[in-house]
Amino acid sequence: MLGRIWTAYTVEIWKAIRRRQTFTGPALLLALLVVAPFVQGITRDGNSDYGYIAYVTPFALGLLGVMLLLIYCAGLVSQEMGGGSIRAVLVRPLRRHEYLAAKLMAGCTYALLLVVITVAGAWGAAYAMGDLIGVSFGGELLFSSDQMLNAYLLGSLLALAPLFAAASYGVMVSTFTRKPVVAMFLAVGAWVMVDIVKHPLGIDRFVFSSYLESPWQVFINRCDGMNVGWFPAAWQCLGISAVYSVAFAAIAMLVLHRRNFSA
């Protein structure tokens, strides 16, 4: 089974590479990262520019990045259902849960790609145009450059948890309809709706999208000279995200198994 999933996953990657629209999202994200230094100024003045990184990272991934991820994942299954190519795929010795697992892995890979682009773009701009020499207040070094980098990298790894949950959500929605455009609008529309009502309803701490920015809080606080711990916020982020990831995957599996692709 694992061999079939891996083969299906490699096929997904090659299909993604051949599709021009796959690179639209990363290109838009790169464009944002190119423009951002002109909005949040970066200068070589002897002062560290970690503030720029703290500003652009949550914005790039928590807003634009997650929307691009939802749009991409919402088309993974619906596009093949609409075009009928899913029948040819499932005729092969590939079971539906293996097919879905490959799609989920492809969505998570796309999320990882967006994180890598954001990390490289944010730090690359700050390194090329500004200073990254640690955080000091009153002439005292509070956090070295290595400590800041480590906090950011740990935040990047933690940020994958809610992004993987978002990928699982997008793939789930992709199984609901044969029309990719409908799936994309449904995925984004439901996401925005939940984001609007979760705070008034007081359910924000139970919704995984609330943890898209929390992985960066340690880094952001260190930019302001404050040292806060990773826990319990990290456990909450990982736990809530994992529960939603599994739930979305289970629903997608149920929907896919109930669908009739013979017609």
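One can find the structure itself at the top, above this paragraph.
The notes below deal with the structure included here. Fair warning: this is a prediction, and the values are worked out from it, not measured in the lab.

## Overview of the state of the cysteines
A covalent bond between the sulfur atoms of two cysteines is referred to as a disulfide. Summed over the entire model, instances satisfying the criterion amount to zero disulfides. Left without a disulfide partner, Cys73 is nearest to the cysteine sulfur of Cys108, which lies 7.5 Å away.

## What to know about helix H10 (residues 233-258)
Taking 1.5 Å of rise per residue, 26 residues should cover 38 Å, and H10 covers 38 Å from first to last C-alpha, within 8% of that figure. Among the residues of H10, Ala234, Cys237, Ser241, Ser245, Phe248, Ala249, Ala252 and Leu256 are the ones counted as buried.

## Description of the packing of aromatic side chains
If you walk through the whole model with that rule in mind, you get 15 aromatic pairs. Centre to centre, the rings of Trp123 and Tyr152 are 5.3 Å apart; their planes meet at 70 degrees, and the pair counts as edge-to-face. Of this pair, Trp123 sits in helix H6 (residues 96-129) while Tyr152 sits in helix H7 (residues 145-174), placing them 29 residues apart in sequence. When the ring of Tyr152 is compared with that of Trp216, the centres are 5.2 Å apart and the planes differ by 35 degrees; the resulting orientation is tilted. On the criterion of sequence distance, the pair formed by Tyr152 in helix H7 and Trp216 in the loop between helix H8 (180-201) and helix H9 (217-223) is long-range, its members being 64 residues apart. One exposure class covers both Tyr152 and Trp216, and it is buried. One aromatic cluster in this structure is built from Tyr50, Trp123, Tyr152, Trp216 and Phe219.

## With respect to empty space enclosed by the protein
Applying the stated criterion across every chain yields a total of one cavity of 30 Å³ or more. A volume near 40 Å³ is recorded for the largest cavity. Contributing to the lining of the largest cavity are Leu61, Gly62, Ala159, Pro162, Leu163, Leu212 and Trp216. The set of elements that each furnish at least two residues to the lining of the largest cavity consists of helix H3 (50-74) and H7.

## Concerning the packing of helix H2 (residues 24-39) against H6
Direction vectors running N to C along H2 and H6 enclose 20 degrees, while the axes themselves pass 10 Å from each other. Taken together, the axes of H2 and H6 lie roughly parallel to each other. The interaxial crossing formed by H2 with H6 has right-handed handedness. Listed contacts from H6 to Gly25, Pro26, Leu29, Leu30, Leu33 and Pro37 of H2 are Tyr110, Leu113, Leu114, Ile117, Thr118, Gly121, Ala122, Ala125 and Met129. Here the residues of the contact of H2 with H6 are counted per class, giving 12 nonpolar, three polar and no charged.

Criteria and thresholds
Residues numbered from 1 in each chain as written. Predicted model: local features only at pLDDT ≥ 70, side-chain atom pairs only at ≥ 80, totals over all residues. Heavy atoms only, no water. Disulfide = S-S within 2.5 Å. Helix = DSSP H or I, 4+ residues; strand = E, 2+ residues; numbered from the N terminus. Expected span 1.5 Å × (residues − 1). Buried < 20%, exposed > 50% of the residue type's maximum accessible area, 1.4 Å probe, protein only. Phe/Tyr/Trp six-rings, centres within 6.5 Å; stacked < 30°, edge-to-face > 60°. 1 Å grid on protein atoms, 1.4 Å probe; cavity = no way out; pocket = protein on both sides within 12 Å on 5 of 7 lines; lining within 4 Å. Points joined across faces, edges and corners; volume = space filled by probe spheres on them. Axes fitted to C-alpha atoms, helices over the stretch in contact; angles between N-to-C directions. Parallel < 35°, antiparallel > 145°, perpendicular 65-115°, else oblique. Left-handed = near helix turned anticlockwise from the far one by under 90°. Contact = heavy atoms within 4.5 Å. Nonpolar A, V, L, I, M, F, W, Y, C, P; charged D, E, K, R; others polar.

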